[in-house]
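Chain by chain, the residues:
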Amino acid sequence: PKSTKELIEQVKVFNHDELKNITQISLKNKSGEYTFEREISSPNSSWHMTAPQNIPTNSIFIEKLFASLKIIKTKKFLNDDKANNANFSLVNPTAVITLANSSSNNKIILSIGIMNTIDNSTYLKISNKKGIYHAEAPSSSLENVTLTDLVESSIFNFDFKALAWIKISKSNLSSSLL
């Protein structure tokens, strides 16, 4: 028979309440450290990168990140000891995500260890939880994300269907399109 620790399979790592009021995200991986923020007044407000550059964020990346965090399911729960931390690359994690809520100063630090490509799993260490989670890998590869994956690539970021007219100017020449 399986022990209680082995029966954890399919238990979600995060619940909805832990993620809904997050106002700041920090992602650190081999390509750099990136910080994102959103207005505290509205949980549905858009995210904006504040470091290393102050620039609009690719909303698809943030949506995928939260979707991945909501559906990460554990396979096993392991002891948080030196050997497991070393074996699963949690001493020097492949990526670290810090989730913060500015109104309550609560932070969740998620360290992501080595990726097991055989069963598409990874190892997670979460600051406010005991142990190491052997879990399904997130759908987005956080250890390989670069600045180009994170910034809004659209030059014009608005609804073109709502556009009534546009004016294009160059020097002293001007023309309008309706």
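What comes next concerns the included structure.

The rules behind each value
Residues numbered from 1 in each chain as written. Predicted model: local features only at pLDDT ≥ 70, side-chain atom pairs only at ≥ 80, totals over all residues. Heavy atoms only, no water. Helix = DSSP H or I, 4+ residues; strand = E, 2+ residues; numbered from the N terminus. Buried < 20%, exposed > 50% of the residue type's maximum accessible area, 1.4 Å probe, protein only. Contact = heavy atoms within 4.5 Å. Areas by Shrake-Rupley, 256 points an atom, 1.4 Å probe, with all protein chains shown as cover. Pairing = 2+ DSSP bridges. Core = buried A, V, L, I, M, F, W, Y, C linked by side-chain atoms within 4.5 Å. Salt bridge = Lys/Arg side-chain N within 4 Å of Asp/Glu carboxyl O.

### Re the overall build of the protein
Turning to step 1, where the next piece is worked out: When you go through the protein residue by residue, the secondary structure sums to four helices and 11 strands.
Turning to step 2, where the next piece is worked out: Within the protein, buried positions represent 33% of all 178 residues.
Turning to step 3, where the next piece is worked out: Considering only intrachain contacts with a sequence separation of at least 6, the fraction spanning at least 24 residues in the protein is 53%.
Turning to step 4, where the next piece is worked out: For the protein, the accessible area works out to roughly 11,400 Å², and carbon and sulfur atoms hold 53% of it.

### Side note on the pairing of strand β2 (residues 32-37)
Turning to step 1, where the next piece is worked out: In the sheet, strand β1 (residues 24-29) pairs with β2 via six bridges, with the strands oriented antiparallel. Bridged to Lys 28 within β2 is Glu 33.
Turning to step 2, where the next piece is worked out: Here β1 folds back onto β2, and the loop between the two strands holds two residues.
Turning to step 3, where the next piece is worked out: As paired strands, β2 and strand β3 (residues 48-51) are joined by three bridges and run antiparallel to one another. Bridge pairing links Phe 36 to Met 49 in β3.

### Notes on the environment of Leu 142
Turning to step 1, where the next piece is worked out: With respect to the secondary-structure elements, Leu 142 resides in the loop between β9 (132-136) and α4 (147-150).
Turning to step 2, where the next piece is worked out: In contact with Leu 142, not counting residues within four places along its chain, are Leu 27, Asn 29, Phe 61, Leu 65, Ala 95, Ile 97 and Ile 112.

### Here we look at the nonpolar core
Turning to step 1, where the next piece is worked out: Membership of the largest hydrophobic core comes to 27 residues, with the highest contact counts inside it found for Ile 25, Ile 97 and Leu 142.
Turning to step 2, where the next piece is worked out: For this core, the elements supplying multiple residues, two or more each, are β1, β2, α2 (59-71), β6 (95-101), β7 (106-116), β8 (121-126) and β9.
Turning to step 3, where the next piece is worked out: Examining the composition of this core, we find that five residues originate from one element, α2, more than from any other.
Turning to step 4, where the next piece is worked out: Those residues in contact with Ile 97 that lie beyond four places of it in its chain are Ile 25, Ser 26, Leu 27, Leu 65, Ile 108, Ile 109, Leu 110, Ile 112 and Leu 142.

### Topic: the pattern of salt bridges
Turning to step 1, where the next piece is worked out: Counting across every chain of the model gives one salt bridge.
Turning to step 2, where the next piece is worked out: A salt bridge links Lys 125 to Asp 80; its shortest N-O distance comes to 3.3 Å. With a gap of 45 residues between them, Lys 125 in strand β8 and Asp 80 in the loop between β5 (74-78) and α3 (82-87) connect regions that are remote in the sequence.

Read these as layout, nothing more, since geometry by itself doesn't imply function.
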